[in-house]
Amino acid sequence: MSFANLKSTRGSSIDKLVKAAEAVSTNNTETKSYGDDRFWKPSRDKAGNGFAVIRFLPAMEGEDLPWVRYWDHGFQGPGGLWYIENSLTSIGQADPVSEANSVLWNTGRDEDRAIVRDRKRRLHYVSNILVVSDPANPQNEGKVFLYKFGKKIFDKLMESMQPAFEDETPINPYDFWEGADFKIKIRKLEGWVNYDKSEFASQSALYNGDEDRLEEVYNKLHSLQDFLDPKNYKSYDELKAKLNKVLGIDAGHAPVAAPVVESVMEAPTMASAPVADEPFVGNSTDDDDDTLSYFAKLAKDS
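Nothing here was measured: the structure is a model prediction, and the numbers come from that model.

Cut-offs and rules
Residues numbered from 1 in each chain as written. Predicted model: local features only at pLDDT ≥ 70, side-chain atom pairs only at ≥ 80, totals over all residues. Heavy atoms only, no water. Helix = DSSP H or I, 4+ residues; strand = E, 2+ residues; numbered from the N terminus. Buried < 20%, exposed > 50% of the residue type's maximum accessible area, 1.4 Å probe, protein only. Areas by Shrake-Rupley, 256 points an atom, 1.4 Å probe, with all protein chains shown as cover. Pairing = 2+ DSSP bridges. Arc of directions from axis to C-beta.

(A) Looking closely at the overall build of the protein. Within the protein, the secondary structure is distributed over nine helices and nine strands. Buried positions account for 48% of the 302 residues belonging to the protein. Here the protein displays about 14,800 Å² of accessible surface, and carbon together with sulfur accounts for 48% of that area.

As structure tokens, this is what we get:
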């Protein structure tokens, strides 16, 4: 859609976004951001606190939604090797780790379920944003980036479109004219990165509705489709080979749990067995992303 079409159709966007969010929340549907200068992330001080203001941006021409959702796995095997890969469940295909997790979970043993928790899928969302205020890195202000975030922030986006109370007006947070700035407030609580205090500001037009500036922003949007393009995912066989290597199967080492070795080839299909890591999906944290992005680079050629 062109910028002109975006402006003319903006009033009908909230229902479409809500329906799309509800659809992905009930269905299984990365390119790594390590060293990717398209991505922005909020900085935190030594105490783990951080603050920034961003604006979520609409979908670019040719794309239906202003966000994309994907899953990945990141865990270390018994020999020290890392498995850090996109999950094929992101694009609706069977994934060897999810199948192995289903087998382990269904044993009912506490030790197997603990392994599943360690190997669970991690949920990520990606949207285009404009950085409004970045006190720690003011050079980012006024620029368009990709922003990767977890379920906590996505829930806040949904709450803005579907407020819980009658005296609250629904807004489309991705709208240039009727959206709102998003204040990211980060705290470190009991060792975890916490976004609970983050909130939307009052509804306002970006750049006071200056259409020349808005069109300039619109023309800088990044495509989100790469995150769901099958060509950017390894095949099932490639992922299975990587999983076996990380678990020490190829080297002849005993696996952490026998069901993984014996059942990876014969695990129930996606249609017949639940994805066992589903109950443990949570927010991806900056700490997790920093660690796994680093090890993803080291593990790339392993």
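Back to the text.
(B) Representation of the pairing of strand β6 (residues 144-149) within the structure. When you tally the buried positions in β6, you get six out of six residues, the bulk of the element. Side chains V144, L146 and K148 of β6 all project onto a buried face; the interleaved residues F145, Y147 and F149 project onto the opposite face, where all are buried too. Pairing of strand β1 (residues 39-40) with β6, which is carried by two bridges, proceeds in the parallel orientation. The residue of β6 that forms the bridge with F39 is L146. Two strands pair when backbone bridges link them, and strand β5 (residues 122-133) and β6 are joined in this way by six bridges, in the antiparallel orientation. Residue pairing across strands places N128 opposite L146, the latter belonging to β6.

(C) Layout of helix α4 (residues 110-118). Every buried residue belonging to α4 is among D112, I115 and V116, and all of these are buried. One side of α4 carries all its buried residues, which in axial view fall inside an arc of 100 degrees. Set apart from the buried face of α4 by more than 90 degrees, the exposed residues are D110 and D118.

(D) Local environment of helix α7 (residues 236-246). Within α7, burial applies to L239, K240, K242, L243, N244 and V246. Positive phi shows up at G248, right after α7, with a value of about 80 degrees.

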